[in-house]
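# Coordinate analysis (summary)
Letter by letter, the chains look like this.
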Amino acid sequence: MNTVFADTYYFIALLNPKDSAHTRASDFSRTSRAHVVSSICVFTSFVIMQEHGLTEALTGDHHFEQAGFRALLKE
């Protein structure tokens, strides 16, 4: 059984923007090798996925593919 990240922008947006996940996401957005132009919510998703070793997201957002993840709803 695979573990899949559910892309839920609205949930992540509700988190405290000063928490450690948002701080790491800000750092990720500045140092990312991927040419991703997106929001802090998307970068927070990337950080959370990396921390949990996830490679697949239940999303149709092409930014996930640009960052090296698999966007299941694009297939």
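Residues numbered from 1 in each chain as written. Predicted model: local features only at pLDDT ≥ 70, side-chain atom pairs only at ≥ 80, totals over all residues. Heavy atoms only, no water.

## A look at helix 3 (residues 40–51)
The following threshold applies: Only DSSP runs of H or I covering at least 4 residues are called helices, and only runs of E covering at least 2 are called strands; the numbering of each starts at the N terminus. Given the number of residues in a helix, its expected span is that number minus one, multiplied by 1.5 Å. For the exposure calls, accessible area comes from a 1.4 Å probe over protein chains only, and a residue counts as buried if that area is under 20% of its type's maximum, exposed if over 50%, partly exposed in between.
With 12 residues, helix 3 extends 16 Å between its outermost C-alpha atoms, agreeing within 8% with the 16 Å of an ideal straight helix rising 1.5 Å per residue. Within helix 3, nine of the 12 residues are buried, which leaves it mostly tucked inside the rest of the structure. Taken residue by residue, helix 3 has Cys41, Val42, Phe43, Thr44, Ser45, Phe46, Val47, Ile48 and Met49 as its buried positions.

## Considering the pattern of salt bridges
Formally: Counted as salt bridges are all cases of a side-chain nitrogen of Lys or Arg within 4 Å of a carboxyl oxygen of Asp or Glu.
This structure, assessed with the given rule, holds two salt bridges. A salt bridge links Glu65 to Lys74, with the shortest nitrogen-to-oxygen separation between them at 3.9 Å. A residue is classified by how much of its surface remains accessible, and Glu65, at 38% relative accessible area, is partly exposed.

## What about the packing of aromatic side chains?
Between two aromatic rings, the relevant description is the distance of the centres plus the angle of the planes. Spelled out, the test is: Stacked, tilted and edge-to-face are the three classes applied to pairs of Phe, Tyr and Trp rings, where Trp contributes its six-membered ring and a pair requires centres within 6.5 Å; stacked means planes under 30 degrees apart, edge-to-face means over 60, and tilted covers the rest.
Taken as a whole, this structure holds three aromatic pairs when the rule is applied. Look at Phe43 and Phe46: their rings are 5.8 Å apart centre to centre, the planes differ by 85 degrees, and that puts the pair in the edge-to-face class. Here Phe43 pairs with Phe46, and both are found in helix 3, just three residues apart, close to one helical turn. Aromatic ring contacts, followed pair by pair, group Phe43, Phe46, Phe64 and Phe69 into a single cluster.

## Brief notes about the environment of Ser26
On the secondary structure map, Ser26 appears in helix 2 (residues 20–31). We classify Ser26 as partly exposed; its relative accessible area is 26%. Remark: the alpha-carbon pair of Ser26 and Cys41, spanning 15 residues in sequence, is separated by 9.8 Å.

These figures come from the coordinates and say nothing about function on their own.
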